[in-house]
Amino acid sequence: EVYSDAPGVQIYDGAHLDSGDAATLTGAAYGANAGLAIEPQAWPAAPNHPTFPSIRLTPGETYRQVSRFRARVCG
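As the structure is a prediction and not an experimental result, all values here were calculated from the model.

Draft legend 1. Quick peek at the overall build of the protein. Secondary structure assignment for the protein yields 0 helices and 4 strands. Tracing the protein from N to C terminus, the helices and strands come up as β-β-β-β. Relative to its length of 75 residues, the protein is extended, with a C-alpha radius of gyration of 17 Å against a globular reference of 11 Å. Taking the principal axes of the C-alpha coordinates as reference, the protein spans close to 45 × 35 × 25 Å. Counting the 75 residues in the protein, one finds 9% classified as buried. Accessible area of the protein: about 6400 Å², with a carbon and sulfur share of 55%. Charge-centre separation for the protein: the mean point of 5 positive side chains lies 15 Å from the mean point of 7 negative side chains.

Draft legend 2. Summary view of the pattern of salt bridges. For the coordinates displayed, the defined rule picks out 2 salt bridges. Among the salt bridges present, the one from Arg70 reaches Glu1, with a minimum N-O distance of 3.8 Å. Residue Arg70 is found in the segment after strand E4 (67–69), and its partner Glu1 is found in the segment before strand E1 (2–4); the two are separated by 69 residues along the sequence. In this structure, Arg72 and Glu1 form a salt bridge, with 2.6 Å as the shortest nitrogen-oxygen distance. Taken together, the residues Arg72 in the segment after E4 and Glu1 in the segment before E1 connect sequence positions 71 residues apart. Arg72 sits in the exposed class, given a relative accessible area of 52%. For Glu1, a relative accessible area of 35% puts it in the partly exposed group. Connected through shared salt-bridge partners, Glu1, Arg70 and Arg72 make up one network.

Reading guide: rules and limits
- Residues numbered from 1 in each chain as written.
- Predicted model: local features only at pLDDT ≥ 70, side-chain atom pairs only at ≥ 80, totals over all residues.
- Heavy atoms only, no water.
- Helix = DSSP H or I, 4+ residues; strand = E, 2+ residues; numbered from the N terminus.
- Rg over C-alpha atoms; globule rule 2.2 N^0.38 Å.
- Buried < 20%, exposed > 50% of the residue type's maximum accessible area, 1.4 Å probe, protein only.
- Areas by Shrake-Rupley, 256 points an atom, 1.4 Å probe, with all protein chains shown as cover.
- Lys, Arg positive; Asp, Glu negative; His and termini not counted.
- Charge placed at Lys NZ, Arg CZ, Asp CG, Glu CD.
- Salt bridge = Lys/Arg side-chain N within 4 Å of Asp/Glu carboxyl O.

Next comes the structure, spelled out in C-alpha cells:
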C-alpha cells in the first residue's frame, strides 16, 4: 500500500536491470526483474505537457512531500 500527498507516481519494474560485474549487497549479479521502485512525485512528464499542473519550484520555495509505504503478507 502506498499513501502520498503527491499527485503522481513513477514505477520502475527492473525489467532491464543488469548489474553486470558491479558489487551488489549479496555478491551475486542482479538480473532482469530483480527490483521494483515506486516513486510518488509530481506529474512525471509535466515539463513536456503544458496542460499538466506546473511543477516549477522557484528560488526561496520549499518542496515537501509525504509518502508512506506499507507492506504486508496477505493470505
